[in-house]
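Structural features, examined
Each chain, letter by letter, is given below.
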Amino acid sequence: MNEEKTENGTGTGNEKILEDVGRISYKAIMKAKDIVKPGAKALDIAESIEKFVLDSGFGLAFPLNLSINSEAAHYTPSLDDDRVFGERDVVKIDFGAEKEGFYGDCAVTVDLSGENQNLLEATESALENAISSIKDGIKAKEVGKIIEDSIKKFGMIPIRNLGGHSVEKNNLHGGIFIPNYEDDNETELKEGMVVAIEPFATISSGKGFVTDGDLCEIYTYVEDTQTRSQISRNILAKIKERYANEPFAARWLAEMAGSKFALYSGIQELVKTGALKRNPVLVETGNKIVSQSEVLLIVEKDSCKVMTK
Ligand code: MN
Ligand code: MN
């Protein structure tokens, strides 16, 4: 990495912040990995891991995701969630810290029965191979082909409508998409770009796609709107103050609303008026088990530097 500032602003000062954010993000998912066990409560884990990052002096890029089995992404516990991990669950731990608008984003999959090792190895090896290939000028679709080929070597298939992305300041999902298969997009990765690479795979009898599920606990601020209820206005004011740029969990607003009913009614009204966007749980269309591996990295001239380690 050279000393000058590059196009998207990852100069040395920013790289230092990204290093710190990356390190704490990785620490957080490793801590979560240690405590995701059969019988453990998802809500307790989410609260303790998010607290660890906040107590370390960082913000949260998004809520701790603990998606289980055919849920590929976006499950985070609700306010009084009683979900407990089962003996056979496959859990995707996906999380990131934030500082000064810089985001971490990384994920690891835990296989509680030990019976899905092939599936986990598929995404782990795909991620390793992708990392080895990344350098200035490589096309996103070339990375996608490497990911797809690696996953297929394990007899698994990639999830085609999920993928990696560039990460910009105050924008977790930047303009560049890095597919998990060889698509027809000619976009090149450039030195200095910050990108998340995230292969997702499912078993060969799956569809290889995700679709919106019913659960939704993660929301994003869109714009101010007119609302009927005072509680919606209060919630919106809080969201603008604290989560204007980052996806947030409904449970983070618990102290705002007084009751669970009031909180979720307020959120519902804000969704209806267009103030908030839903980020529902994404479920594998064939209802098959999904694994995921993810790192955040900076593209360099002849290689790349993984920040979430
Ligand atoms: Mn992620
Ligand atoms: Mn990501």
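Report follows, based on the coordinates.

Reading the values: the criteria
Residues numbered from 1 in each chain as written. Chains lettered and ligands numbered in written order. Predicted model: local features only at pLDDT ≥ 70, side-chain atom pairs only at ≥ 80, totals over all residues. Heavy atoms only, no water. Helix = DSSP H or I, 4+ residues; strand = E, 2+ residues; numbered from the N terminus. Polar contact = N/O pair within 3.5 Å; in protein donor to acceptor, adjacent residues only side chain to side chain. Contact = heavy atoms within 4.5 Å. Donors = N, O, S within 2.8 Å, 3.2 Å for Na, K, Ca; no water. Buried < 20%, exposed > 50% of the residue type's maximum accessible area, 1.4 Å probe, protein only. Pairing = 2+ DSSP bridges. Phe/Tyr/Trp six-rings, centres within 6.5 Å; stacked < 30°, edge-to-face > 60°. Lys NZ or Arg CZ within 6 Å of the ring centre and 35° of its normal. Axes fitted to C-alpha atoms, helices over the stretch in contact; angles between N-to-C directions.

Here Ser 150 is to be found in helix 4 (residues 140–153). A distance of 3.0 Å separates the side chain of Ser 150 from the side chain of Asn 129, its partner in a polar contact. Among all residues touching Ser 150, those that are not within four sequence positions of it are Ser 125, Ala 126 and Asn 129.

In this structure, Asp 94 (OD), Asp 94 (OD), Asp 105 (OD) and Glu 294 (OE) serve as the protein donors to the manganese ion (ligand 1), at separations of 2.1 to 2.4 Å. When the donor residues of the manganese ion (ligand 1) are listed from N- to C-terminus, their spacing reads D-x10-D-x188-E. The two metals, the manganese ion (ligand 1) and the manganese ion (ligand 2), are separated by 3.2 Å and share Asp 105 as a common coordinating residue. You can see Asp 94 sitting in strand 3 (residues 90–99) and its partner Glu 294 sitting in the loop between strand 16 (290–292) and strand 17 (295–299), a full 200 residues away along the chain. Assessed through its relative accessible area of 9%, Asp 94 is described here as buried.

In regular strands, side chains alternate between the two faces of the sheet. Note: strand 6 (residues 156–158) against strand 10 (residues 200–203), 3 bridges, orientation antiparallel. Opposite Ile 157, over in strand 10, you have Thr 202 as the bridge partner.

Within the open sheet, the 3 strands sit side by side as 13-12-14. Their pairing is antiparallel. If you trace the sheet from one side to the other, it starts and ends with strand 13 (248–249) and strand 14 (276–278), each paired once. As judged from the 2 bridges shared by strand 12 (residues 218–221) and strand 13, these two strands associate in the antiparallel manner. Counterpart to Ile 218 in the pairing with strand 13 is Ala 249.

Time to look at the packing of aromatic side chains. One pass over the full model with this rule turns up 4 aromatic pairs. Residues Tyr 219 and Phe 248 carry aromatic rings whose centres are separated by 6.4 Å and whose planes lie at 35 degrees to one another, so their mutual orientation is tilted. Pair noted here: Tyr 219 is in strand 12 and Phe 248 is in strand 13, with a separation of 29 residues, a long-range link. A centroid spacing of 5.5 Å and a plane angle of 20 degrees characterise the contact between Tyr 243 and Phe 248, whose relative ring orientation is stacked. Of the two residues, Tyr 243 and Phe 248, neither departs from the other in class, the shared state being buried. Grouping aromatic residues by their ring pairs yields a cluster made of Tyr 219, Tyr 243, Phe 248 and Trp 252. Over the ring of Phe 58 we find Lys 99; its NZ or CZ atom is 4.5 Å from the centre of that ring. Of note, Arg 160 hangs over the ring of Tyr 181, and the distance from its end group to the ring centre comes to 3.9 Å.

Below, the discussion takes up the sheet that holds strand 16. Backbone-to-backbone hydrogen bonds pair the strands of a sheet. The strands run either parallel or antiparallel. One open sheet holds the 3 strands; their spatial order is 6-10-16, and the pairing between them is antiparallel. Two strands in the sheet have a free side with no partner beyond their single neighbour: strand 6 and strand 16. Mean inter-strand twist for the sheet, computed between neighbouring axes without regard to direction, equals 35 degrees. Against the sheet, helix 4 touches strand 6 and strand 10, its axis set at about 160 degrees to strand 6.

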